[in-house]
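# Observations on the three-dimensional arrangement
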Amino acid sequence: MTSDTDQQRRGPRPETDAAPLPPRPDATAPDGIRPRGGDAAPRGEASGGAARGARHGKGLRGLRRPLGIGIVTLWLSVIVLLPLAALTVAAFDEGLAGFWEAVTAPAALASLWVTVLVSAVVALVNAVLGTLVAWVLVRDEFRGKRFVNAVIDLPFALPTIVASIVLLSLYGPNSPIGVELNATRWGLVVALLFVTLPFVVRSVQPVLIEADREVEEAAASLGATTWTTFRRIVLPTLGPAILSGTGLAFARAIGEYGSVVLIGGNIPRETQVASQYIQQQIEIDRPLNAAAVSVALLAIAFVTLLLLRVVSSRSQRREERDA
Amino acid sequence: MITVTSARKQYGAFAALDDVSLDIPSGSLTALLGPSGSGKSTLLRSIAGLEELDSGTVTIEGRDVTDEPPQRRGIGFVFQHYAAFKHMTVRDNVAFGLTIRKRPKAETAKKVDELLEIVGLDGFQHRYPAQLSGGQRQRMALARALAVDPQVLLLDEPFGALDAKVRTDLRQWLRRLHDEVHVTTVLVTHDQEEALDVADRIAVLNKGRIEQVGDPVTLYERPANDFVMGFLGSVAHLGGQLVRPHDIALERDRATALALDAKVPDSPGVIDAVVERVVPLGFEVRVDLRADSGERFAAQITRRDAAELQLREGETIHARAVGRSSVVDHDPALAI
């Protein structure tokens, strides 16, 4: 990231000179959830707007609008909604009772519990350390900063199964550093931390770059210590971005398969995560169980993202409310 | 009293402050005036402790604060772009300095209400900064800075981001506020009109050095050098001398011009010039002229004089200097 602005502290600065945002690294980011930058970009137009139906405009643009919305609706339906609907239908193949039975089976519940627990831990660690990494990358000058910045995205570029092998060779049996984490929940945590590293970093980074340093100086001039300034001034600004990154990391973690498949050990009730349980149920020809747990995962992910949107749009409204 | 002694600050090869020494009397409203890159903001930020000096000292009311962080300097700082705490209401913004000092709630509330009344934001307590205009935000920032009872109030181009009308209103308002509050105030500006308008002392900076310090009248009428003269108001080059445009008189008759000019000692003489343009500026009229030598200059005359002269573009007129404001270096005899 360019941090030239850090050094040039002389003279007046443009008010909110929008720093170039780094491209979003995650292809998996659901629409509508994005770190809150300086501007209030129209949000969720593709998903929400399309579902609500077209507003008929006039003239050439008006003619094109229904077509555009039609394409978007069709595309989203084919790519996202149809498969999800099919999954849901499969899950309720034997009615609500069948679904409930499949989801509440002890092994299924245990796998869901392990998944949520481990993912929550991973999300929290990410919230703290991801913010710290973003902070250091934006605010500090050091050798190899560009390199470190590039490394952040590596877990995205790396196939997750490769990540699993990498971690297994480091933390597996005969670990070269004497730390054996395979087939433990800590192993899961480490694997998931690896693949979710970029989420918080990349959502906090642009907000931090754009953040007005003068606000911190103002707090200092009013007598606030560095910690007080961080807690009362910086953190509220970063809050929505941290939250959004954390939520995305959590959503990614609950569905992760490749990176945990080797190091996790797949021990039921211990380290078997939901995705592995689903795989197992498919292998033993219990598609209903697999679909039911999948729907449960889907619900968890959906609720997480929904909560995020509510919280972030609320804080955004508060700041950008017009007079 | 703020005393800056031999302050130096280097950014790479660029000297932002080059051996600057300055005394700012208690209770004064001093403007640091200069073009961008002159070091005026760096000087202000060094007084605040937001910038660390390479060498030199800063004392505030007799206390050496050179090595103190901004938190312990007893200052209030106002930024050009308000630096409002966007997630806090106006009340919380103003109360911030008191809240973190854990002052009793009632005391804080009373103080905040008082200040909001002073800055004219009474009734805006529960608004967020985004709901205020630029001028209101800056007044909120002022109240916030004043809340901690600073020994000195430092303003960094406080009106720079506001439009012209609000800017003039607000600086008048600041002047009145200063007369009420009497806190030692230092204001950075690149706008000479603003400096002349609000400050009772002006320090002119250029290239990291102080060119001249004095009250507005002295600076305007007895500038220490060409730079100060040029920076505080417009100047015209007339026969190799710097003259204020309103110190140029235009005559139709050359003989009259010569006779009148003879009474002015060390004048640049009578210059014949072609009228290029006549620009009405409201109360005054600016006449753009081109001398025989090819040199262009402008004279500023009253509407009445302009009406009497009946100037037409393209005709030749005779210009002479009547003014007494001239650079001290060049012409000590003219200094009052």
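It is worth spelling out the overall build of chain A at this point. Tallying secondary structure elements over chain A gives 14 helices and 0 strands in all. In chain A, the succession of helices and strands from N to C terminus is α-α-α-α-α-α-α-α-α-α-α-α-α-α. For chain A, the proportion of its 323 residues judged to be buried stands at 34%. Taking the contacts inside chain A whose residues are at least 6 apart along the sequence as the reference set, 79% of them involve residues at least 24 apart.

A few words now on the overall build of chain B. A count of helical and extended segments in chain B gives 10 helices and 17 strands. C-alpha extents for chain B along the principal axes are approximately 80 × 45 × 35 Å. When each of the 336 residues of chain B is scored for burial, the buried share is 45%. A separation threshold of at least 6 residues defines the contact pool for chain B, and within that pool the share at least 24 residues apart is 63%.

Residue and element names in this part refer to chain B. Judged by which residues are buried, strand β16 (residues 296-302) turns out to be one-sided: F297, A299 and I301 face inward and are buried, whereas R296, A298, Q300 and T302, on the alternate face, are not. Pairing geometry for strand β15 (residues 284-291) and β16, over 7 bridges, is antiparallel. Looking at the pairing, R286 lines up with Q300 of β16.

Here we take up the domain arrangement of chain A. Parsing chain A into structural domains produces domain 1 (42-91) and domain 2 (95-322). Each partner contributes to the interface: domain 1 of chain A provides 5 residues, whereas domain 2 of chain A provides 7 residues.

On to the interface of chain B and chain A. At the interface, 32 residues of chain B touch 25 residues of chain A. Of all the secondary structure elements, the ones that give two or more residues to the side of chain B that touches chain A are α1 (40-48), β6 (75-78) and α2 (90-99) of chain B. Residues of the side of chain B that touches chain A, tallied by class, amount to 16 nonpolar, 12 polar and 4 charged.

Moving on, we get to the sheet that holds strand β5 (residues 63-64) of chain B. All names here are of chain B. The strand order across the open sheet built from 4 strands is β2-β1-β4-β5, with neighbouring strands paired in antiparallel fashion. The strands lining the two open edges of the sheet, one partner per strand, are β2 (14-24) and β5. Sheet analysis places strand β4 (residues 55-60) next to β5, joined by 2 bridges and oriented antiparallel. Residue pairing for β5: T59 is matched across the bridge by D64. Contacts from α1 reach β1 (2-11), β2 and β4, with the element oriented near 120° to β1.

Let's shift gears to the environment of A:I242. All names here are of chain A. When you line up the elements, I242 lands in helix α11 (residues 226-255). The class for I242 is buried, based on 22 C-beta atoms found within 10 Å. Here the alpha-carbon distance between I242 and S203, two residues 39 residues apart in the chain, equals 6.9 Å. Setting aside anything within four residues of it in sequence, one finds I242 in contact with A127, T131, V200 and V204.

What follows deals with the confidence of the model for chain B. Per-residue pLDDT for chain B has a mean of 89; in total, 96% of the residues score no lower than 70. Considering only residues more than four positions removed or in separate chains, one finds that residues 328-336 of chain B, a stretch of pLDDT under 50, has 18 contacts.

Moving on to the nonpolar core. Membership of the largest hydrophobic core comes to 101 residues, with the highest contact counts inside it found for B:A143 and B:L154. With 7 residues, helix α4 (residues 134-147) of chain B is the single largest residue contributor to this core. Core analysis: the next-biggest nonpolar cluster, separate from the first, contains 57 residues, A:L192, A:L238, A:I254 and A:V260 among them.

Residues and elements named next belong to chain B. Mapped onto the secondary structure, V186 falls in strand β8 (residues 184-189). Owing to 26 C-beta atoms within 10 Å, V186 belongs among the buried residues under this scheme. A sequence separation of 87 residues divides V186 from A273, and the C-alpha atoms of the two residues are 44 Å apart. Ignoring any residue separated from it by four or fewer positions in sequence, one finds V186 in contact with I24, T30, L32, L44, I47, V152, L154 and L155.

A separate point is α1(B). Residues and elements named next belong to chain B. Along α1, 9 of the 9 residues are buried, which leaves the element largely enclosed by surrounding structure. By the burial criterion, the buried members of α1 are K40, S41, T42, L43, L44, R45, S46, I47 and A48. Just beyond α1, the residue with positive phi is G49, at close to 90°.

Let's shift gears to the packing of helix α5 (residues 106-139) of chain A against helix α9 (residues 185-210) of chain A. Residue and element names in this part refer to chain A. Where α5 contacts α9, the axes come no closer than 6 Å and their chain directions differ by 40°. As judged from the angle between their axes, α5 and α9 are oblique. Two packed elements cross with a definite hand, and for α5 against α9 that hand is right-handed. Grouping the amino acids of the contact of α5 with α9 by side-chain chemistry returns 20 nonpolar, 6 polar and 1 charged.

Residue and element names in this part refer to chain B. The strand order across the open sheet formed by 6 strands is β6-β7-β8-β3-β9-β10, and the pairing between neighbours is mixed. Only two strands of the sheet have a single neighbouring strand rather than two, namely β6 and β10 (209-214). Strand after strand, the sheet turns through a mean of 15° between neighbouring axes, direction not considered.

Once that is clear, we can look at helix α10 (residues 213-221) of chain A. All names here are of chain A. Burial runs high along α10: 7 of the 9 residues are buried. Within α10, burial applies to E214, V215, E217, A218, A219, A220 and S221. A positive phi of about 105° marks G223, the residue just after α10.

Attention shifts here to the packing of α2(B) against α4(B). Helix-helix packing is described using two parameters, namely the angle between the two axes and the distance between the axes. Residues and elements named next belong to chain B. Between α2 and α4, the shortest axis-to-axis distance is 7 Å and the interhelical angle comes to 25°. The orientation of α2 relative to α4 falls into the category roughly parallel. Once α2 is placed against α4, the crossing between them reads as right-handed. Each of V90, N93, V94, A95, F96, G97 and L98 in α2 lies in contact with α4, whose residues at this interface are M140, A143, R144 and A147. When the residues that make up the contact of α2 with α4 are grouped by side-chain class, the tally is 8 nonpolar, 2 polar and 1 charged.

Further remarks concern unusual backbone geometry. Residue and element names in this part refer to chain B. One non-glycine residue, K102, adopts positive backbone phi at about 55°. Note that K102 resides in the loop between α2 and α3 (105-118). Positioned with a positive phi, H182 is a non-glycine residue whose angle comes to about 60°. Relative to the elements of secondary structure, H182 occurs in the loop between α5 (164-181) and β8.

Attention now goes to the pairing of β4(B). Residue and element names in this part refer to chain B. When β1 meets β4, the two strands line up antiparallel, connected through 5 bridges. Bridging from a neighbouring strand, T5 pairs with T57 of β4. Here β4 hands over to β5 after 2 residues, with E61 in that stretch at a positive phi of 50°.

Cut-offs used in this document
Residues numbered from 1 in each chain as written. Chains lettered and ligands numbered in written order. Predicted model: local features only at pLDDT ≥ 70, side-chain atom pairs only at ≥ 80, totals over all residues. Helix = DSSP H or I, 4+ residues; strand = E, 2+ residues; numbered from the N terminus. Buried ≥ 20, exposed ≤ 12 C-beta atoms within 10 Å, placed from the backbone. Contact = placed C-beta atoms within 7 Å. Pairing = 2+ DSSP bridges. Domains from an automatic or database assignment. Nonpolar A, V, L, I, M, F, W, Y, C, P; charged D, E, K, R; others polar. Axes fitted to C-alpha atoms, helices over the stretch in contact; angles between N-to-C directions. pLDDT = per-residue confidence, 0-100. Core = buried A, V, L, I, M, F, W, Y, C linked by C-beta atoms within 7 Å. Parallel < 35°, antiparallel > 145°, perpendicular 65-115°, else oblique. Left-handed = near helix turned anticlockwise from the far one by under 90°.

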